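Inside the fold
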Amino acid sequence: MATAQRGQKYDRGSTVFSPDGELFQVQYAQEAVKKGLTALGIKSSSGVILAAEKRKRSELVEARSVEKVFQIDDLLGVATSGLIADARILTDEARRKAQINRLRYDEALMPQTLAEEIGAIKQTYTQHGGVRPFGIKFLIGGVGEREAQLYETDPSGTISSYKAQAIGDKAEEARNVLEDRYGTGMGIDEMIRLALITLDEVIEENINFERVEIGKIDSENKKFSKMSSSDISEAIDSLNLSD
Amino acid sequence: MATAQRGQKYDRGSTVFSPDGELFQVQYAQEAVKKGLTALGIKSSSGVILAAEKRKRSELVEARSVEKVFQIDDLLGVATSGLIADARILTDEARRKAQINRLRYDEALMPQTLAEEIGAIKQTYTQHGGVRPFGIKFLIGGVGEREAQLYETDPSGTISSYKAQAIGDKAEEARNVLEDRYGTGMGIDEMIRLALITLDEVIEENINFERVEIGKIDSENKKFSKMSSSDISEAIDSLNLSD
Amino acid sequence: MATAQRGQKYDRGSTVFSPDGELFQVQYAQEAVKKGLTALGIKSSSGVILAAEKRKRSELVEARSVEKVFQIDDLLGVATSGLIADARILTDEARRKAQINRLRYDEALMPQTLAEEIGAIKQTYTQHGGVRPFGIKFLIGGVGEREAQLYETDPSGTISSYKAQAIGDKAEEARNVLEDRYGTGMGIDEMIRLALITLDEVIEENINFERVEIGKIDSENKKFSKMSSSDISEAIDSLNLSD
Amino acid sequence: MATAQRGQKYDRGSTVFSPDGELFQVQYAQEAVKKGLTALGIKSSSGVILAAEKRKRSELVEARSVEKVFQIDDLLGVATSGLIADARILTDEARRKAQINRLRYDEALMPQTLAEEIGAIKQTYTQHGGVRPFGIKFLIGGVGEREAQLYETDPSGTISSYKAQAIGDKAEEARNVLEDRYGTGMGIDEMIRLALITLDEVIEENINFERVEIGKIDSENKKFSKMSSSDISEAIDSLNLSD
Amino acid sequence: MATAQRGQKYDRGSTVFSPDGELFQVQYAQEAVKKGLTALGIKSSSGVILAAEKRKRSELVEARSVEKVFQIDDLLGVATSGLIADARILTDEARRKAQINRLRYDEALMPQTLAEEIGAIKQTYTQHGGVRPFGIKFLIGGVGEREAQLYETDPSGTISSYKAQAIGDKAEEARNVLEDRYGTGMGIDEMIRLALITLDEVIEENINFERVEIGKIDSENKKFSKMSSSDISEAIDSLNLSD
Amino acid sequence: MATAQRGQKYDRGSTVFSPDGELFQVQYAQEAVKKGLTALGIKSSSGVILAAEKRKRSELVEARSVEKVFQIDDLLGVATSGLIADARILTDEARRKAQINRLRYDEALMPQTLAEEIGAIKQTYTQHGGVRPFGIKFLIGGVGEREAQLYETDPSGTISSYKAQAIGDKAEEARNVLEDRYGTGMGIDEMIRLALITLDEVIEENINFERVEIGKIDSENKKFSKMSSSDISEAIDSLNLSD
Amino acid sequence: MATAQRGQKYDRGSTVFSPDGELFQVQYAQEAVKKGLTALGIKSSSGVILAAEKRKRSELVEARSVEKVFQIDDLLGVATSGLIADARILTDEARRKAQINRLRYDEALMPQTLAEEIGAIKQTYTQHGGVRPFGIKFLIGGVGEREAQLYETDPSGTISSYKAQAIGDKAEEARNVLEDRYGTGMGIDEMIRLALITLDEVIEENINFERVEIGKIDSENKKFSKMSSSDISEAIDSLNLSD
């Protein structure tokens, strides 16, 4: 409690270090991420899967409008957790960067480059006054020159690369499943299976196509695509069979 | 109460996260929306309806001047709840964007594009210092390339798409009616009926043409139009008959 | 009192919402309006009347210098209540806009357009830091393309249109008189009569030409003019006769 | 006291309204004016007189350097009370505006125009942050196209026109004298007499040429001139005679 | 004490008036002036003298480097009291203005013009946020078109003209001596004598050439010069004789 | 404790000195460095070694993505401790500077020049408001015109040159090992050995290739290279043998 | 104590005067200087000596990297005490100014000019908000057109010229030695001796070449040079002999 009170003197702005060298506003932005639904990414030599839990909503909501998995470019997608409006701003920025790269160099933007540029934007919002950090994590999946890649950027601007990673409110449970079951030789379909098993673990009610969103990039055809509801349904069904 | 007091330390600016990752100023702006009268939107393959409750006013007020439903472009309209002056600023911005789109690309602005652009403006006002969030929600209705669309943007900048949605002080009651009675196959007249039934539920006194404002876009003729007082009266009358 | 104290934590800047979604600085600016003397506007198909109470002053004050009713353009005038210097700033801005409209489009500025532009300026001063809201209300009267119009803009930037409206310290009493006696078919002289009767109600001492200022625009000749002292005197006299 | 304490929460910046709609910093700037020595202006069809009390100073002070009455243009002068350095800044601005008017339009700047422009500058300093209001009042005297004019601008930016007006620490006493003795038909010499009688009332010791500064503009020759010490002495002497 | 405490609420920034219309930060800057050593200026038809007390320092200090009397132009000099670094900034500014005047108009900068420009700079630092007032007074001496002139500018930006004036920590004592002994007909040597007698009064130990700095401008040759140590010594010696 | 409390009044911004002349925000940024894992650099006439401890992570993390040792240019590398996102920003800046140097002067950027430029950037963030200091230390290693060089820059912007230096949470323990065992005549392999022995001391569990990252620049071939996992493994094995 | 508490209300920003006219932040910056090791300068007609104590450091530190005496130009050098990173920023600025002077005027920058320009930069950081004063003192030594010069600039921006001066933590002790032993006719070698004797007094352990840094400029050859370790050693040895 005493510690908490000490901390509170240094937590009103992202440009103030605490005596212990902490940036509390950045930590609080991480809390905003933890309020988002779970999202995850898995990669192997076969490609990358980005998946996200979707909130159960009124039937009047258009399911497709509450996207958590976004296409950025032919070979690039992101999955997000945290403040939805913040996510859209950075998604738009990512798309702009991908377009500019194609215009300037006639080349696809590499996943690592995108991760570094998003990370740099986020860092800026933790060191300059008059703004707040972005309250989101991005999982960036894509196929680079040689292989599939999966990056995470957090509100501090730190970027890391993963074989498989989960973010959001049930990130820890999801990571346990991923660690238990991940295998480097997995094919696209196996990764989709793993994504669904993992989300099934963290979704409170029964998993179904309305609660799941999946994007995939195959290392072969190098094309980002979102899975259709019926394909997701089918995959869930086959999943149940194998249980 | 203790929680409330803790919160109050982080609620003076939109650039400060609370320790729980909340942006209180954005939440307070949502309260400003809840003080606005109810507005609603309904869409189907036949088109989109935007409707709003109007406050009972002195006879000296020009009824048409207290608009809550605005035309943005031939195929685009918005209904708003919250701070009226904030609504007008964004309405003007929306019209400007629609005009620019026509000038630059000789094309109508799509409802989704408008929703994304309004959402981006709103998000900016939640992340930078020296301003406050917009205290309004927009329901954006229009006919896109293939079908009618209905979007909501809230003060955080989040956008969502709905089959039918209500905003403002009696949003919850209204949503209940919409959920009970909405059908995807509804024609324009059925949607107007549903809008009136819904508003009748939330307006304290008897509904009449002076308390209701309705805009409609038919997927066929693709033309936004505001219903005349007499047309609204007639629709209300037929409504009563059917009660 | 407890409520007042809670409110006081959110009332030092116009860019801060209270937990209830209120903008206290905008409300306080409305108080500044309520300290101004009463002004009123009345319109009918015959034209528009703008009238204002004038403070009783030392004989050494030049009566004409304490204007509350201003000509903006041939067809446009405003009456104001609130901070006099703020009123002049916006009056000048209104005149500039009218001139620019004539230069650019060779057309008179419409009352509604002026109301919207003044409203937009006022809204800006309620959403950005480092400034305060304008402490005035404007009644904008003019003859548009088809008919006479009367608009009000308040410190929040909200605009509304009226058949007849009063602003300032005795606005409520004045509105009661207007509601009782207003008729849509009134001619210019009848509206002047109504304006005088209304002001007579709110002016503490006997009404006389020195306490009243009147501007009028006839829908026919479409020309704003201020009534002369003698014309006002005459109108007051005829008024007394009819009492 | 309780009121005072409430007020004190809203009086640190000119961009904050109090709950009663007051701008305390503007009121405090008015107090700065009340600490200045008395100045006054008188006009009639014959012209304008601007006069000011001068502080009794050490003999080592150059009397002419402590000006309170300034020439602005051939036909324009000002008398000031309040912060001397603020007065000089606005006096310089006034001179610049007069010069620019002559250069651009080959015309003398009208007293009303100057009053409006000075008022607009002052208003700006009451509505934007990071500055304080001007701590001065100006009496602006001049001969316009048709007649002599006398304007006052106060720290809020409000402008008013007077037949005769006094500002500064003894403004009230001075106004009483002016109200008692002013006559619209006064000639220049009669106005000088009235100015001296008025200042004699407010100057604690005996009036003499060293305590008085007078500027005059005759409607005929339309030329601002400062009275010489000997002319003032003579006028005071003749005044004594008539007592 | 109670007054002091009230004042302290309004003394953190130069853009805040106290309820009594005071600018405390400007007053505090005047205190910084009072901590500087005494400086003085004397003028007559024969010319101007600027003199300053110098602090007793270690022998290792280069006496000439601790200037308080600066040449600005051929005909212009200043003597200062207060914050030494602030003085240098304005001295440099003064020199720049003098050079620009020569380049643009091929004319020497007049003392009054310099005083007005320095006053305007100082005033700006008392009305805008984010800066503090200059903590210095300038005595500006020079020969204008017709005669020698002596101006003072204080931290508020107020300028005044004197026959003789003293500033700094012992300004009052010095002014008493000047008032007793000043005569308008004094020649340059008599003014130097008066300067030395005055400084002798305020310097705690015996006056000697190391404690005194003198600049002079003769109305005839119109050339600013600093007195040499030996000339000052001689003048002091002759002074002692006359005692 | 009392001291701590006094300090807390001056520790919210990097532009405020404490009464003792301390910049607390800069000190707190040093604490952020102390939370980073240990990194070290060693140089001799043979070249430079940069090494860093890597955190033990989930197997799902791509080991190579959590770099602490970065190549900047052919002859330049850095090792960092502290906030990872801050490190990346400055690493990118360093690379930009190296590229510009090659473009402008067709020359490699010298280690000292880079150290000075990074130091200057960091200093700026300790003297200007609205930002926070960088929470990182850099060890900059490279081969200059004549010899290998190793520089450290800390959050204050101070730069120093070392034969061998360690930074991060176990910097002190590491420095002890380095001081004990460093020899100026060491070859590249000996320095790698020393780096591994030092890291072995500070890594809590057994050292292995996954916990260590090493970059080296040979004075001969002047080429920065990162050691491969197998080379590191081999070096660790040979290390164990020699134990 | 009471005084201390009063002061604390005015010590958070360099743009706030205390009621006594003090600038506390500037005083606190002086404290930062007092934490630096002692540096000194001595000049005579023969030239200038700049010397500084060096901290005893680990053997792994490159001794030459912790410079306190810097060459600025052929004829100019500085010695510093205080915040090392601040010193480097101003040293770089000094070098830039020297280069620009050579490019523009083909002339060496004079020591006085450099002192005035560094002083002006420092003053700016004491009068404008959003920055802190520089926490360093500079001793600037050089040979001007006629003779050797030695200037000091302090954090307030004040500059002074000395025959000999010491700054830093033991400045007072050092000044006592300098005052006792300085002679105006000293040759370069005698000044080096005096510098070493003085530093020997203030260095706690025995003086040796690793604890001392010396720069010298001979009035004859007009070339700044740093003494080599061996030359310093030799000078120290000969010093011991003479003891």
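Residues numbered from 1 in each chain as written. Chains lettered and ligands numbered in written order. Predicted model: local features only at pLDDT ≥ 70, side-chain atom pairs only at ≥ 80, totals over all residues. Heavy atoms only, no water.

1. Details of the overall build of chain A
Regarding its fold elements, chain A presents seven helices and ten strands. Relative to the 2.2 N^0.38 estimate, which gives 18 Å for 243 residues, the radius of gyration of chain A is 18 Å and therefore close to what a compact globule would have. Counting across all 243 residues of chain A, residues that qualify as buried make up 59%. In the structure as shown, chain A presents an accessible area of about 10,100 Å², 43% of it carried by carbon and sulfur atoms. Taking the 32 positively charged and 40 negatively charged side chains of chain A as two groups, their mean positions are separated by 5 Å. (Helix = DSSP H or I, 4+ residues; strand = E, 2+ residues; numbered from the N terminus. Rg over C-alpha atoms; globule rule 2.2 N^0.38 Å. Buried < 20%, exposed > 50% of the residue type's maximum accessible area, 1.4 Å probe, protein only. Areas by Shrake-Rupley, 256 points an atom, 1.4 Å probe, with all protein chains shown as cover. Lys, Arg positive; Asp, Glu negative; His and termini not counted. Charge placed at Lys NZ, Arg CZ, Asp CG, Glu CD.)

2. Focus on the pairing of strand β9 (residues 212-218) of chain C
Burial runs high along β9 of chain C: five of the seven residues are buried. In textbook terms, the turn of a hairpin is the stretch between consecutive antiparallel strands, and for β9 of chain C and strand β10 (residues 224-226) of chain C this stretch comprises five residues, one of which, K222 of chain C, has a positive phi near 50°. (Pairing = 2+ DSSP bridges.)

3. Let's talk about the pairing of strand β2 (residues 47-53) of chain B
Residue and element names in this part refer to chain B. Most of β2 sits inside the fold, with seven of its seven residues counted as buried. With burial as the criterion, each face of β2 is covered, one bearing G47, I49, A51 and E53 and the other bearing V48, L50 and A52. As paired elements, strand β1 (residues 39-44) and β2 share six bridges and run antiparallel to each other. Across the sheet, the residue bridging to I42 is I49, located in β2.

4. Some remarks on the UniProt feature "domain: Proteasome alpha-type subunits" (unreviewed entry) in chain A
Per the UniProt record, the feature "domain: Proteasome alpha-type subunits" (unreviewed entry) sits at residues 10-32 of chain A. The span residues 10-32 of chain A carries 39% helix and 0% strand; its end-to-end C-alpha distance comes to 19 Å. (UniProt positions renumbered as here; feature names shortened; annotations may be inferred.)

5. So, the interface of chain E and chain D
For an interface, size is often stated in terms of accessible area lost upon the parts coming together. Facing 35 residues of chain E, the contacting portion of chain D comprises 29 residues. For the pairing of chain E and chain D, the buried interface totals around 2,800 Å² over both sides, and the portion due to carbon and sulfur atoms is 51%. K35 of chain D is paired through a salt bridge with E22 of chain E; the nearest N and O atoms lie 2.3 Å apart. At the junction of chain E with chain D, the criterion picks out 15 residue pairs in polar contact (both at pLDDT 80 or more). Contributing elements (two or more residues each) for the side of chain E that touches chain D: α4 (111-127), β7 (159-161) and α5 (171-181) of chain E. For the side of chain E that touches chain D, the residue count by class is eleven nonpolar, 15 polar and nine charged. (Contact = heavy atoms within 4.5 Å. Buried area = accessible area lost by both parts, 1.4 Å probe. Salt bridge = Lys/Arg side-chain N within 4 Å of Asp/Glu carboxyl O. Polar contact = N/O pair within 3.5 Å; in protein donor to acceptor, adjacent residues only side chain to side chain. Nonpolar A, V, L, I, M, F, W, Y, C, P; charged D, E, K, R; others polar.)

6. Examining the nonpolar core
The biggest cluster of nonpolar side chains holds 63 residues, and the ones touching the most others in it are F17 of chain A, F17 of chain B, F17 of chain C, F17 of chain D, F17 of chain E, F17 of chain F together with F17 of chain G. For this core, the secondary structure elements donating two or more residues are α2 (24-34) of chain A, α2 (24-34) of chain B, α2 (24-34) of chain C, α2 (24-34) of chain D, α2 (24-34) of chain E, α2 (24-34) of chain F together with α2 (24-34) of chain G. Non-local contacts of F17 of chain F, meaning those with residues more than four positions away in its chain, are made with Y10, E22 and L23 of chain F together with Q25, Y28, A29, A32, L83, R132, P133 and G135 of chain G. (Core = buried A, V, L, I, M, F, W, Y, C linked by side-chain atoms within 4.5 Å.)

7. Here we look at the sheet that holds strand β5 (residues 136-143) of chain G
Residue and element names in this part refer to chain G. Across the sheet, which stays open at both edges, the five strands sit in the order β3-β4-β5-β6-β7 with antiparallel pairing between neighbours. Each of the sheet's edge strands pairs with one partner strand only, and the pair in question is β3 (69-73) and β7 (159-161). Across the sheet, the mean angle separating the axes of adjacent strands is 25° when strand polarity is ignored. Bridging between strand β4 (residues 76-82) and β5 involves seven bridges; their strand directions are antiparallel. Bridged to L76 within β5 is G142. Here helix α4 (residues 111-127) sits on the sheet and contacts β3, β4, β5, β6 (148-153) and β7; the angle it forms with β5, its principal contact strand, is near 165°. (Axes fitted to C-alpha atoms, helices over the stretch in contact; angles between N-to-C directions.)

8. Focus: the interface of chain B and chain A
Residue-level contacts link 34 residues of chain B with 29 residues of chain A. Across the chain B to chain A interface the summed buried area is about 2,800 Å²; carbon plus sulfur atoms make up 51%. Summed over the shared surface of chain B and chain A, the number is three salt bridges. At the surface where chain B touches chain A, the tally comes to 15 residue pairs in polar contact (both at pLDDT 80 or more).

9. Re the pattern of salt bridges
With the rule as written, the count across this model stands at 119 salt bridges over all chains. The closest approach of N and O atoms between E62 of chain B and K43 of chain C, which form a salt bridge, is 2.6 Å. In this pair, E62 of chain B is assigned in the loop between β2 and β3 (69-73) and K43 of chain C in strand β1 (residues 39-44), connecting two distinct chains. Note on E62 of chain B: relative accessible area 11%, which makes it buried. With a closest N to O distance of 2.9 Å, R96 of chain E and E93 of chain E form a salt bridge. Linking R96 of chain E with E93 of chain E, this pair stays in helix α3 (residues 84-105), spanning three residues, or about one helical turn. By relative accessible area, E93 of chain E is classed as partly exposed at 22%. Each member of the salt-bridge network shares a partner with another, and the members are E93, R96, K97 and E117 of chain A.

10. Comments concerning the environment of T198 of chain B
All names here are of chain B. Note on placement: T198 falls in helix α6 (residues 188-202). Classification of T198 as buried rests on a relative accessible area of 0%. In this structure T198 touches L40, A174, V177 and L178, once residues within four positions along its chain are discounted.

11. Considering unusual backbone geometry
Unlike most non-glycine residues, K222 of chain C shows phi in positive territory, near 50°. The residue K222 of chain C is located in the loop between β9 and β10 in this model. Classification of K222 of chain C by relative accessible area gives partly exposed; the value is 33%. We note that D106 of chain F has phi near 55°; this positive angle belongs to a residue other than glycine. Structurally, the position occupied by D106 of chain F is in the loop between α3 (84-105) and α4 (111-127). Classification of D106 of chain F by relative accessible area gives exposed; the value is 69%.

12. Quick look at the side chain of R211 of chain F
Its place among the elements puts R211 of chain F in the loop between α6 (188-202) and β9 (212-218). Setting aside residues no more than four positions away along its own chain, R211 of chain F makes contact with A52, E53, K54, R55, K56, I203 and E205 of chain F.

13. Digging into the confidence of the model for chain A
Residues and elements named next belong to chain A. Taken as a whole, chain A shows an average pLDDT of 91; of its residues, 95% reach a score of 70 or greater. Within chain A, the lowest mean pLDDT, 48, falls on helix α1 (residues 2-8), and the highest, 98, falls on strand β8 (residues 164-167). Overall, residues 1-6 carries pLDDT values under 50, and its contacts beyond four positions in sequence, including any with other chains, amount to two contacts. For this predicted complex, the interface confidence comes out at an ipTM of 0.89, alongside a pTM of 0.91. (pLDDT = per-residue confidence, 0-100.)

14. Topic: the packing of helix α5 (residues 171-181) of chain F against α6 of chain F
Residues and elements named next belong to chain F. Two elements in contact, α5 and α6, have axes whose closest approach is 9 Å; the angle formed by their N-to-C orientations is 145°. Here the hand of the crossing between α5 and α6 comes out right-handed. Side by side, α5 and α6 meet where E173, A174, V177, L178 and R181 of the first sit next to L194, I197, T198, E201 and V202 of the second. Looking at the contact of α5 with α6 residue by residue, the classes come out as six nonpolar, one polar and three charged. (Left-handed = near helix turned anticlockwise from the far one by under 90°.)

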